[in-house]
Amino acid sequence: MIDYDDALRRLLDAAKPLPSERIDAADAIGRILAAPLTSAESLPPFDNSAMDGFALRTAGEPIAAGTEFDVQGGRAAGDGAAQATSGAWEIMTGARMPDGLDAIVPIEQVDVLDTDADGRPSRIRLTAAVTHAQHLRRAGEDIAAATTFASPGALIDPAMRMLCASVGIATVDVVRRPRVALINTGRELVDDPRQPLDAGQIRNSNGPFLAARLQAASADVVGARTVGDDIDAFLEAIASLPPHVVILSTGAVSMGRFDFVPEALARLGATTLFHKVRIRPGKPILAATLPSGALFFGLPGNPASTAVGLRFFVEPVLRAMLGLPPEVATFLPLRAAYTKRVPLRMHLKARVALDADARAGVEVLGGQESFRIRPLLDANAWAVVEPDVDVLDAGARVRVMSRGHLEPLSVTS
Ligand code: AMP
Ligand code: MG
């Protein structure tokens, strides 16, 4: 049996970075940037008004309250260039500034003295002084043309998508998604949620959990099979997979009579990276490389063991494949003392929350047994306690990890 850090090192040595591909920015949510994003355009693309009001020319000098102007034109959002030298132009938010004018007075800071036949203001008086460039949005003030605004490794989220859209970026270079295949073992498993359970059967919850989490981890699930406890069906499922996939199996890696995965790997000529790690839950976890080059993870079948295997073994490998640096843990004080009896690295369903003084702390939730799924609903994080620690007092800091490697740590109050 090896330590977690040792197991992780062996995995990261075996993980290969994926190539990049160019895709439509519209399809890039959840993907990892492979090349910098540089804007060819300015944002805003032209000087424009931040207010509904009137554009004026200060020429650098403030204009006093009480000054009157004839209104010489009007600009709405979408109108093109116009030339102006003096007077006031009625202008709407986002409208391009007439060339020659350099400040905006909001509609709330003028008295309309006269209107034309269409009811538009034709003469105004300022009720407040106007200074140079007030309420003016400059071209390129948000992003100047030729600025690099995102670097490789950045997650393309809705904000990044918005930036791409705002400067006309149509395609982006992203790291190819890791392709992951799932094989759930166990003759007790039922996949169809509409099918009633026979005596001794349970529903396959690991499969849907892994598929959902992998999606959030920027991976593609390229196949999901349930194979019973039949070594030949398991081998057949592996043989049917496309090349260059990461294979995750669940179940059949412990010491039970039907735990056939190690034997199946031996028949395939796989190289075992490790089998059994000093952790809980999920101690029987196994990792191997297949002759095809595929990386294989045998996750133990208990749902919390599967979740820990994914979060602490598979996700770091996906990060390496995506070209991302290792995650940095957050250390937060424990709400209550924690005691353990086994020299294992514990991965605990946990809840990070703010106390009455708005300080973040971590609560180890009840229901840590590996068969229990329901506490995952209350958990918004994992707390990790190292093998050599047996007592932690309230207030001691523990390693806290978010639920997924691309998710920020969530904090509730
Ligand atoms: P195993 O690792 O195969 O010994 O399974 C350990 C426990 O996890 C047993 O109680 C199994 O019934 C349960 N289990 C295995 N696979 C799944 C699955 N896909 N979904 C839910 N529970 C499972
Ligand atoms: Mg089993």
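Residues numbered from 1 in each chain as written. Chains lettered and ligands numbered in written order. Predicted model: local features only at pLDDT ≥ 70, side-chain atom pairs only at ≥ 80, totals over all residues. Heavy atoms only, no water.

Paired through their backbone hydrogen bonds, the strands of a sheet run either parallel or antiparallel. Read across the open sheet, the six strands follow the order S16-S13-S17-S21-S20-S18; overall the sheet is mixed. Because the sheet does not close on itself, it has two edges, and the strands there are strand S16 (220-226) and strand S18 (271-275). Taking each pair of neighbouring strands and ignoring which way they run, the sheet shows an average axis angle of 15 degrees. Alignment of strand S13 (residues 179-184) against strand S17 (residues 246-250), held across five bridges, turns out to be parallel. (Pairing = 2+ DSSP bridges. Helix = DSSP H or I, 4+ residues; strand = E, 2+ residues; numbered from the N terminus. Axes fitted to C-alpha atoms, helices over the stretch in contact; angles between N-to-C directions.)

Within the largest apolar cluster, 43 residues are counted, with the highest numbers of intra-cluster contacts made by Leu 214, Leu 248, Phe 274, Val 277, Phe 297 and Phe 313. Counting residues per element, the ones that place at least two in this core are helix H1 (4-14), S13, helix H3 (206-216), S17, S18, strand S21 (295-299), helix H6 (303-321) and strand S26 (381-385). Sort the elements by how many residues they give to this core and H6 lands first, with nine residues. When residues are assigned to domains, this core turns out to be shared by domain 1 (4-18 + 177-321) and domain 4 (330-402), each giving three or more. Those residues in contact with Phe 274, other than ones at most four positions away along the chain, are Ile 2, Ala 7, Arg 10, Leu 11, Ile 285, Leu 286, Ala 287 and Phe 313. Leu 235, Val 253, Leu 265 and Phe 296 belong to the second largest nonpolar core, which has 23 residues in total. (Core = buried A, V, L, I, M, F, W, Y, C linked by side-chain atoms within 4.5 Å. Buried < 20%, exposed > 50% of the residue type's maximum accessible area, 1.4 Å probe, protein only. Domains from an automatic or database assignment. Contact = heavy atoms within 4.5 Å.)

The next point concerns the packing of aromatic side chains. This model, assessed by the stated rule, comprises five aromatic pairs. Their ring planes at 80 degrees and their centres at 6.1 Å tell us that Phe 312 and Trp 382 sit as a pair that is edge-to-face. You can see Phe 312 sitting in helix H6 and its partner Trp 382 sitting in strand S26, a full 70 residues away along the chain. An aromatic cluster of at least three residues, connected via ring pairs, comprises Tyr 4, Phe 274 and Phe 313. Over the ring of Phe 312 we find Arg 311; its NZ or CZ atom is 5.9 Å from the centre of that ring. Just above the ring of Tyr 4 sits the side chain of Arg 345; from NZ or CZ to the centre is 3.8 Å. (Phe/Tyr/Trp six-rings, centres within 6.5 Å; stacked < 30°, edge-to-face > 60°. Lys NZ or Arg CZ within 6 Å of the ring centre and 35° of its normal.)

On to the sheet that holds strand S6 (residues 88-91), then. Ordered by their spatial adjacency, six strands build an open sheet running S7-S4-S6-S5-S9-S8, and the pairing between neighbours is mixed. The sheet is open, and its two borders are formed by strand S7 (103-106) and strand S8 (110-115), each paired with just one other strand. Taken over all neighbouring pairs, the strand axes of this sheet differ in orientation by 40 degrees on average, direction set aside. As judged from the three bridges shared by strand S5 (residues 68-75) and strand S9 (residues 121-126), these two strands associate in the antiparallel manner. Note that in S9 the partner of Asp 70 across the bridge is Arg 123.

The next subject is the domain arrangement of the protein chain. When the parts come together, some accessible area is lost, and that loss is often what is quoted as the size of the interface. In terms of domain boundaries, the protein chain breaks down into domain 1 (4-18 + 177-321), domain 2 (23-41 + 147-175), domain 3 (48-137) and domain 4 (330-402). Centre-to-centre separation of domain 1 and domain 4, based on C-alpha positions: 26 Å. Taken together, the contact between domain 1 and domain 4 spans 16 residues of the former and 15 residues of the latter. Carbon and sulfur atoms make up 68% of the surface buried where domain 1 meets domain 4, a total of about 1,400 Å² over both sides. The interface formed by domain 1 and domain 4 holds zero salt bridges in total. The tally of links between domain 1 and domain 4 comes to six residue pairs in polar contact (both at pLDDT 80 or more). Within the residue set of the side of domain 1 that touches domain 4, elements represented by two or more residues are H1, strand S19 (279-280) and H6. For the side of domain 1 that touches domain 4, the element with the highest residue contribution is H6, accounting for seven residues. (Buried area = accessible area lost by both parts, 1.4 Å probe. Salt bridge = Lys/Arg side-chain N within 4 Å of Asp/Glu carboxyl O. Polar contact = N/O pair within 3.5 Å; in protein donor to acceptor, adjacent residues only side chain to side chain.)

Our focus in this paragraph is the layout of surface pockets. Counted as a void, the largest pocket has a volume near 680 Å³. Taken together, 38 residues line the largest pocket, and the ones lying closest to its centre are Gly 301, Asn 302, Pro 303, Ser 305 and Ser 370. Counting only elements with at least two residues in the lining of the largest pocket, the list comes to strand S15 (202-203), H6 and strand S24 (345-354). Sorting elements by how many residues they give to the lining of the largest pocket places S24 first, with three residues. Of the residues contributing to the lining of the largest pocket, the split by class is 14 nonpolar, 15 polar and nine charged. Lining the lining of the largest pocket are residues from two domains, each supplying at least three of them: domain 1 (4-18 + 177-321) and domain 4 (330-402). Taken as a whole, the second largest pocket holds about 360 Å³ of empty space. If you trace the second largest pocket, you find 19 residues lining it, with Tyr 4, Leu 8, Pro 316, Pro 326 and Glu 327 closest to the centre. Of all the secondary-structure elements, those providing two or more residues to the lining of the second largest pocket are H1, H6 and strand S28 (397-401). (1 Å grid on protein atoms, 1.4 Å probe; cavity = no way out; pocket = protein on both sides within 12 Å on 5 of 7 lines; lining within 4 Å. Points joined across faces, edges and corners; volume = space filled by probe spheres on them. Nonpolar A, V, L, I, M, F, W, Y, C, P; charged D, E, K, R; others polar.)

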